[in-house]
Amino acid sequence: MRKRHVLLPAAPTPQAPVLPTINLMPGEWYFGQRKILRTLLGSCVALTLWHPERRLGGLCHYLLPERVRQGVTPLSGRYGDEALELLVRCMKRADTLPQDYIVQLHGGASLFSADMPSSFNVGDRNVEQGRLLIARYGFRLHSESVGDTVARQVSIDLSTGEVQVRHGARAER
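Read on for an overview of the structure. Given the structure is predicted, the values throughout are model-derived calculations rather than measurements.

Further remarks concern the nonpolar core. Membership of the largest hydrophobic core comes to 21 residues, with the highest contact counts inside it found for Phe31, Leu47, Tyr101 and Phe139. Among the elements of the structure, strand S4 (45-51), strand S5 (56-62), helix H1 (80-93), strand S6 (102-107) and helix H2 (122-137) are those that each provide at least two residues to this core. Here the element with the most residues in this core is H1; it accounts for six residues. When sequence neighbours within four positions are dropped, the list of residues in contact with Phe31 reads Leu56, Gly57, Gly58, Leu87, Cys90, Met91, Ala94 and Tyr101. Core analysis: the second largest hydrophobic core is formed by 13 residues, Cys44, Ala46, Leu59 and Val154 among them.

Right, dumping it as structure tokens:
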């Protein structure tokens, strides 16, 4: 007589809660907890911020390095200096300091003609501005994925601080 093997159902495993995903468009930013933030970059730049002890952070996706503001024009996430200022204000309300955050810099691809003068290369100017702002506010730059001729999809899990970067196809130049 043959023995039969009986397969028992696997014991239930606790599942991690599914976090809401926020897809940020150019000029948008977010600061908070327990979300997954995602954005798609070309010549734009994204800064990811994460506070490992408090498990909070954010992401900004800016299009241009800066602008000249007239009068009492409200801050806009479309510009690097203003986007980071908006995030720093949130950090202050959360009673945290820039040096306590892990920062990553992404984007700034050159997606246009290689013959274009470097002064017109928005991607390079955006990356330069990002580095200046990181230093100005006293953040710790952990890593960067910048330049080249590829678009990037960037996401950060604000519960763990994990950042993922996916590279697209190279731009035809």
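That covers the picture; the talk isn't over yet.
Here we come to the sheet that holds S4. In space, the five strands of this open sheet follow the order S2-S5-S4-S6-S7, with mixed pairing throughout. This sheet does not close on itself; its edge strands, each paired only once, are strand S2 (29-32) and strand S7 (140-146). Mean inter-strand twist for the sheet, computed between neighbouring axes without regard to direction, equals 10°. With six bridges joining them, S6 and S7 adopt parallel strand pairing. Residue pairing across strands places Leu105 opposite Glu144, the latter belonging to S7. Contacting S2, S4 and S5, H1 crosses the sheet at an angle of about 15° to S2. Set on the sheet, H2 makes contact with S4, S5, S6 and S7; between it and S6 the angle comes to about 170°.

Attention now goes to the pattern of salt bridges. Here the structure, examined in full by the defined rule, presents three salt bridges. Between Glu82 and Arg67 there is a salt bridge, with the nearest N and O atoms lying 2.8 Å from each other. Here the residue Glu82 occupies a position in helix H1, and Arg67 occupies one in the loop between S5 and H1, the gap between them amounting to 15 residues. For Glu82, a relative accessible area of 2% puts it in the buried group. Residue class for Arg67 comes out partly exposed when judged on its relative accessible area of 26%. For Arg89, the salt bridge identified is with Glu85, shortest N-O distance 3.2 Å. A residue pair is termed a helical-turn pair when its members lie 3 or 4 positions apart in one helix, as Arg89 and Glu85 do in helix H1 at four residues. Note on Arg89: relative accessible area 41%, which makes it partly exposed.

What follows covers the packing of aromatic side chains. Aromatic ring pairs are described here by two measures, namely the spacing of the ring centres and the angle between the planes. Counting across every chain of the model gives three aromatic pairs. Judged by centre distance (6.4 Å) and plane angle (50°), the ring pair of Phe31 and Tyr101 falls under tilted. Taken together, the residues span a long stretch of sequence, with Phe31 in strand S2 and Tyr101 in the loop between H1 and S6 at a distance of 70 residues. Considered together, Phe31 and Tyr101 belong to a single accessibility category, that of buried residues. On the numbers, 6.5 Å between centres and 75° between planes, the contact of Tyr101 with Phe139 is edge-to-face. Remark: Phe139 occurs in the loop between H2 and S7 and Tyr101 occurs in the loop between H1 and S6; sequence separation between them is 38 residues. Each member of the pair, Tyr101 as well as Phe139, is classed as buried.

On the secondary structure map, Arg152 appears in strand S8 (residues 150-157). Among all residues touching Arg152, those that are not within four sequence positions of it are Thr39, Leu40, Leu41, Gly107, Ala109, Ser145, Val146, Gly147, Val165, Arg166 and His167.

We now examine the packing of H1 against H2. What describes two packed helices is the angle between their axes and the distance between those same axes. One can describe the packing of H1 onto H2 by two numbers: an axis separation of 10 Å at closest approach and a directional angle of 35°. Crossing hand, H1 versus H2: right-handed. Between H1, through Gly80, Asp81, Leu84, Glu85 and Val88, and H2, the contact on the second element is made entirely by Gln129, Leu133, Ile134 and Tyr137. Here the contact of H1 with H2 is composed, by residue class, of five nonpolar, two polar and two charged.

Reading the values: the criteria
- Residues numbered from 1 in each chain as written.
- Predicted model: local features only at pLDDT ≥ 70, side-chain atom pairs only at ≥ 80, totals over all residues.
- Heavy atoms only, no water.
- Core = buried A, V, L, I, M, F, W, Y, C linked by side-chain atoms within 4.5 Å.
- Buried < 20%, exposed > 50% of the residue type's maximum accessible area, 1.4 Å probe, protein only.
- Helix = DSSP H or I, 4+ residues; strand = E, 2+ residues; numbered from the N terminus.
- Contact = heavy atoms within 4.5 Å.
- Pairing = 2+ DSSP bridges.
- Axes fitted to C-alpha atoms, helices over the stretch in contact; angles between N-to-C directions.
- Salt bridge = Lys/Arg side-chain N within 4 Å of Asp/Glu carboxyl O.
- Phe/Tyr/Trp six-rings, centres within 6.5 Å; stacked < 30°, edge-to-face > 60°.
- Left-handed = near helix turned anticlockwise from the far one by under 90°.
- Nonpolar A, V, L, I, M, F, W, Y, C, P; charged D, E, K, R; others polar.

So, to be careful, I would describe these as geometric facts and stop short of saying anything about function.
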